[in-house]
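Chain residues, written in single-letter form:
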Amino acid sequence: MVEPIIGKLGATIIGPKNPSREAENKDVVCPPQTDEGILANMRWSFADSHMRISDGGWARETTIRELPSSPSIAGVNMRLKAGAVREMHWHREAEWAYMIKGKARLSVVDQNGKKFQGDVGEGDLWYFPPGIPHAIQGIGDDGCEFLLVFDDANFSEDSTFLLTDWLAHTPKEVLAKNFGVPESAFKNIPKEELYIFQMKEPVPLENCTTAKDAFTHRMHAQTPLKMKMGTVRITDSTNFPISKTIAAGLVEIEPGGMRELHWHTNSDEWQYYISGQARMTVFASEGTARTYNFQAGDVGSVPFPMAHYIENTGTETLRFLEIFKSDRFADISLAQWLSLTPHELVRAHLNIDESLLQNIPKEKTPVV
Ligand code: MN
Ligand code: MN
């Protein structure tokens, strides 16, 4: 049982308790003594998000409404059963996505009249620039579940431009004129949006016309940076050229390991926890710092350019995505900063031994 007790300080909670939530939030109930001040909440769980249930799937979102400390990015967690379709639509924001489980078929047409169809599986990404129309369909044994990331924290799944919604709100004589057919051709179109709906599974892709694979990227197939306690894969516009507004790192950390102390030079950070348990302390300057706990299905945020680390506090591999509204992944490592600054200068700040500074690698080691 977690209690707010540090040595002789604090006391047990004798009023109402929420044991499962307090156990999840160990470092919130009983913060490390190095924490100071009250920072904004930087954690949200998709388990607390509104669930929109539809025919063949569901969607839930974490936007600035759920997590006000994240001003740059919104995320959507979506499930599509085999055959189920997230209907043909477009939106103002760019869409970046990570396939969590299962498979999907993407269908896209761009502004030059190029069509694209592609299948994506676990660990694959896609990116649709603003305004590009697309549809997503679950395929395979049990369809799929994925994370969508939008480069605007005010995004909402409920305000995308849907094919059925548009046609339901256009005079039928205008539709008839546009397509050169009688009005009666549209007598059965839906009166309101479908959003997510069940249809039968599509034919295998070899029977479809495919264009160049420009909208997708196989993140899991990237050779990871390997470190003693984990791995990192970085995907941004340098290896996934279409992704001009979202950069990401997929980090895996073994129990006891840690994403090193660092900060970023270009953007707020938005995190999605895929497996395991973690804690993160965010240093916000002015003597303030706060520690937060995370587990699978949680979202974390780090406002630009606050310093942080992420430690695996569980017994299984910690796996999470670090996501930035930027064309490049960029961070500053505390260890590298200290090792490359004149040591005399660093020693005068910290009163530490030269031998410690000598042992810090000059190369970044993102996971230690
Ligand atoms: Mn979309
Ligand atoms: Mn970071």
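Refer to the structure presented above.
Residues numbered from 1 in each chain as written. Chains lettered and ligands numbered in written order. Predicted model: local features only at pLDDT ≥ 70, side-chain atom pairs only at ≥ 80, totals over all residues. Heavy atoms only, no water.

Chemist: Where do I start with the coordination of the manganese ion (ligand 2) in this structure?
Modeler: Around a metal, the idealised angle for a tetrahedral arrangement of four donor atoms is 109.5 degrees; for an octahedral arrangement of six donor atoms it is 90 or 180 degrees. Around the manganese ion (ligand 2), the protein supplies H262 (NE2), H264 (NE2), E269 (OE) and H308 (NE2) as donor atoms, at distances of 2.1 Å. When the donors of the manganese ion (ligand 2) are listed by position in the chain, the intervening gaps give H-x1-H-x4-E-x38-H. One end of the pair, H262, is in strand 18 (residues 258-264); the other, H308, is in strand 23 (residues 307-312), and 46 residues separate them in sequence. The exposure classification of H262 matches that of H308, with both residues buried. (Donors = N, O, S within 2.8 Å, 3.2 Å for Na, K, Ca; no water. Helix = DSSP H or I, 4+ residues; strand = E, 2+ residues; numbered from the N terminus. Buried < 20%, exposed > 50% of the residue type's maximum accessible area, 1.4 Å probe, protein only.)

Chemist: Any chance you could explain the coordination of the manganese ion (ligand 1) here in plain terms?
Modeler: Protein coordination at the manganese ion (ligand 1) comes from H89 (NE2), H91 (NE2), E95 (OE) and H134 (NE2), with a distance range of 2.0 to 2.3 Å. Here the donor residues of the manganese ion (ligand 1) are spaced in sequence according to H-x1-H-x3-E-x38-H. Accessibility expressed as a relative area gives 2% for H91, which makes it buried.

Chemist: Just to check I follow, could you spell out the pattern of salt bridges for this structure?
Modeler: Side-chain pairs of opposite charge can arise whenever the charged atoms involved come near each other. Under the defined criterion, the tally for this structure stands at 23 salt bridges. Note that R218 is salt-bridged to D124, the shortest N-O span being 2.4 Å. Linking R218 in strand 14 (residues 216-218) with D124 in strand 10 (residues 124-128), this pair joins segments that are 94 residues apart in sequence. Overlapping salt bridges bring together R259, E322, D331 and K364 as one network. (Salt bridge = Lys/Arg side-chain N within 4 Å of Asp/Glu carboxyl O.)

Chemist: Is there a simple way to explain the side chain of T235 in this structure?
Modeler: With respect to the element layout, T235 can be found in strand 16 (residues 230-235). Take T235: its relative accessible area is 1%, and that puts it in the buried class. Each residue touching T235, except ones within four places of it in the same chain, is listed here: L125, H217, M219, Q222, F240, A247 and A248. (Contact = heavy atoms within 4.5 Å.)

Chemist: I'm lost on empty space enclosed by the protein in this one. Help?
Modeler: One simple way to see leftover space: roll a probe sized like a water molecule over the atoms. For the coordinates displayed, the defined rule picks out one cavity of 30 Å³ or more. The calculated volume of the largest cavity comes to roughly 40 Å³. Lining the largest cavity are W263, H264, S267, D268, E269, V302, P303, F304, P305, M306 and H308. (1 Å grid on protein atoms, 1.4 Å probe; cavity = no way out; pocket = protein on both sides within 12 Å on 5 of 7 lines; lining within 4 Å. Points joined across faces, edges and corners; volume = space filled by probe spheres on them.)

Chemist: Explain the sheet that holds strand 15 (residues 225-227) here, please?
Modeler: Backbone hydrogen bonds are what pair the strands of a sheet, in a parallel or an antiparallel way. Spatial strand order, 3-22-19-24-17-16-15: seven strands in an open sheet with antiparallel pairing. Each end of this open sheet is capped by a strand with a single partner; those strands are strand 3 (43-45) and strand 15. Across the sheet, the mean angle from the axis of one strand to that of its neighbour is 20 degrees, orientation sign disregarded. Sheet analysis places strand 16 next to strand 17 (residues 247-253), joined by six bridges and oriented antiparallel. When the bridges of strand 17 are listed, T235 appears paired with A248. (Pairing = 2+ DSSP bridges. Axes fitted to C-alpha atoms, helices over the stretch in contact; angles between N-to-C directions.)

Chemist: Please clarify how the sheet that holds strand 20 (residues 277-283) should be interpreted in this entry.
Modeler: An order of 21-20-23-18-25 is seen for the five strands of this open sheet, with the pairing classed as antiparallel. The outermost strands of the open sheet, each flanked by one partner alone, are strand 21 (289-295) and strand 25 (331-333). For this sheet, the mean inter-axis angle between neighbouring strands, taken without regard to orientation, is 30 degrees. Of the strand pairs in this sheet, strand 20 and strand 21 are connected by seven bridges, and their pairing is antiparallel. Looking at strand 21, one finds that R279 is bridged to N293.

Chemist: I keep staring at the nonpolar core and nothing clicks. Help me out?
Modeler: As a rule of thumb, nonpolar side chains are buried together in soluble globular proteins. In terms of nonpolar packing, the biggest core is built from 25 residues, with M78, L80, W126, F146 and L148 touching the most fellow members. Sorting the residues of this core by element identifies strand 6 (74-80), strand 8 (95-109), strand 9 (115-120), strand 10 and strand 11 (134-150) as the ones contributing at least two each. Ignoring any residue separated from it by four or fewer positions in sequence, one finds L148 in contact with A74, G75, V76, M78, E95, W96, A97, W126 and E157. (Core = buried A, V, L, I, M, F, W, Y, C linked by side-chain atoms within 4.5 Å.)

Chemist: What exactly am I supposed to notice about the layout of surface pockets here?
Modeler: Each pocket or cavity is described by its volume, and for the largest pocket that value is around 370 Å³. Forming the boundary of the largest pocket are 17 residues, of which L261, T281, F283, A289 and Y309 lie nearest the centre. Broken down by secondary-structure element, the contributors of at least two residues to the lining of the largest pocket are strand 18, strand 20, strand 23 and helix 5 (334-340). Ranked by residue count, the leading element in the lining of the largest pocket is strand 20, at four residues. Class assignment for the residues of the lining of the largest pocket results in nine nonpolar, six polar and two charged. Of the volumes computed, that of the second largest pocket is approximately 300 Å³. Looking at the lining of the second largest pocket, the elements with two or more residues in it are strand 7 (85-90), strand 8, strand 9, strand 11 and helix 3 (163-168). (Nonpolar A, V, L, I, M, F, W, Y, C, P; charged D, E, K, R; others polar.)

As far as function goes, none of this settles anything; it's purely spatial.
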